[in-house]
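Residue-level listing of the chains:
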Amino acid sequence: AQSVTQPDIHITVSEGASLELRCNYSYGATPYLFWYVQSPGQGLQLLLKYFSGDTLVQGIKGFEAEFKRSQSSFNLRKPSVHWSDAAEYFCAVGLGGSQGNLIFGKGTKLSVKP
Amino acid sequence: EPEVTQTPSHQVTQMGQEVILRCVPISNHLYFYWYRQILGQKVEFLVSFYNNEISEKSEIFDDQFSVERPDGSNFTLKIRSTKLEDSAMYFCASSETSGNTYTGELFFGEGSRLTVL
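So, here's what we can say about the structure. (Residues numbered from 1 in each chain as written. Chains lettered and ligands numbered in written order. Predicted model: local features only at pLDDT ≥ 70, side-chain atom pairs only at ≥ 80, totals over all residues. Heavy atoms only, no water.)

### Quick notes on empty space enclosed by the protein
Residue and element names in this part refer to chain A.
Inference 1: Counting across every chain of the model gives 1 cavity of 30 Å³ or more.
Inference 2: The computed volume of the largest cavity comes to approximately 50 Å³.
Inference 3: For the largest cavity, the full set of lining residues is Val 37, Ser 39, Leu 47, Lys 61, Phe 63, Ser 84, Asp 85, Ala 87 and Tyr 89.
Inference 4: Residues that form the lining of the largest cavity fall into these classes: 5 nonpolar, 2 polar and 2 charged. (1 Å grid on protein atoms, 1.4 Å probe; cavity = no way out; pocket = protein on both sides within 12 Å on 5 of 7 lines; lining within 4 Å. Points joined across faces, edges and corners; volume = space filled by probe spheres on them. Nonpolar A, V, L, I, M, F, W, Y, C, P; charged D, E, K, R; others polar.)

Dropping the structure here:
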């Protein structure tokens, strides 16, 4: 069965430091991959997505992610974290076709120290 | 910027009562979804809806749940007889298509928090 694993429940980084949030997936074919961010009291906002092609994808707010097929990973990175990046981050796998059913990981909560 | 709107933002209900959660998807979108997030747990897919019918549903979406697009703009989720375990944040989402191509981006609303007592 398809699954998404985010091994880090909570990460704290200092403002200005780099960030990497891990995501591993289990899926038979090349999946559609997404990162969403949820700020407190807000809905889920798409940061970036990977469908095919270049394995390094750029997203909004200075985020990027790299698809590594050999590791079944799609880690999210940012070179310099801002206090406003404090939120919960969800990795998701899309099963494609016309259904739009996404399977989400449990999320990683990011705290930013001044 | 177009957005998905949901009402109410928070609803408290007694166990056994019926609840209707409402959503207004982005106007040119054709696919609609409900997801839920129980506190501290994953966001889970409930149901997708296209062309006035359910296109896919999860095992969570049992006979207690139903969806409807009553008037061409609203998309509702009804829980017929709520249970304690239905307490969760319910997210509506919509997506557009270009011909038969799924663009893969779901636009989510801010959620409706349901508390069942």
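### Description of the side chain of Gln 6 of chain A
Residues and elements named next belong to chain A.
Inference 1: As for its position among the elements, Gln 6 is in the loop between strand 1 (3-5) and strand 2 (10-14).
Inference 2: Reaching out from Gln 6, the side chain makes a polar contact with the backbone nitrogen of Gly 107 at a distance of 3.1 Å.
Inference 3: Within the structure, the side chain of Gln 6 is placed 3.4 Å from the side chain of Thr 108, a separation counted as a polar contact.
Inference 4: In contact with Gln 6, not counting residues within four places along its chain, are Arg 22, Trp 35, Tyr 89, Phe 90, Cys 91, Gly 105, Lys 106, Gly 107 and Thr 108. (Helix = DSSP H or I, 4+ residues; strand = E, 2+ residues; numbered from the N terminus. Polar contact = N/O pair within 3.5 Å; in protein donor to acceptor, adjacent residues only side chain to side chain. Contact = heavy atoms within 4.5 Å.)

### Observations regarding the sheet that holds strand 1 (residues 5-7) of chain B
All names here are of chain B.
Inference 1: The 4 strands are arranged 1-3-8-7 in an open sheet whose pairing can be described as antiparallel. Lying at the two open borders of the sheet, with one neighbouring strand each, are strand 1 and strand 7 (65-68). On average, each strand axis in the sheet is tilted by 20° relative to the strand beside it, whichever way the strands run.
Inference 2: Bridge count between strand 7 and strand 8 (residues 75-79): 4 bridges; the pairing is antiparallel. Note on strand 8: the bridge partner recorded for Ser 66 is Lys 78. (Pairing = 2+ DSSP bridges. Axes fitted to C-alpha atoms, helices over the stretch in contact; angles between N-to-C directions.)

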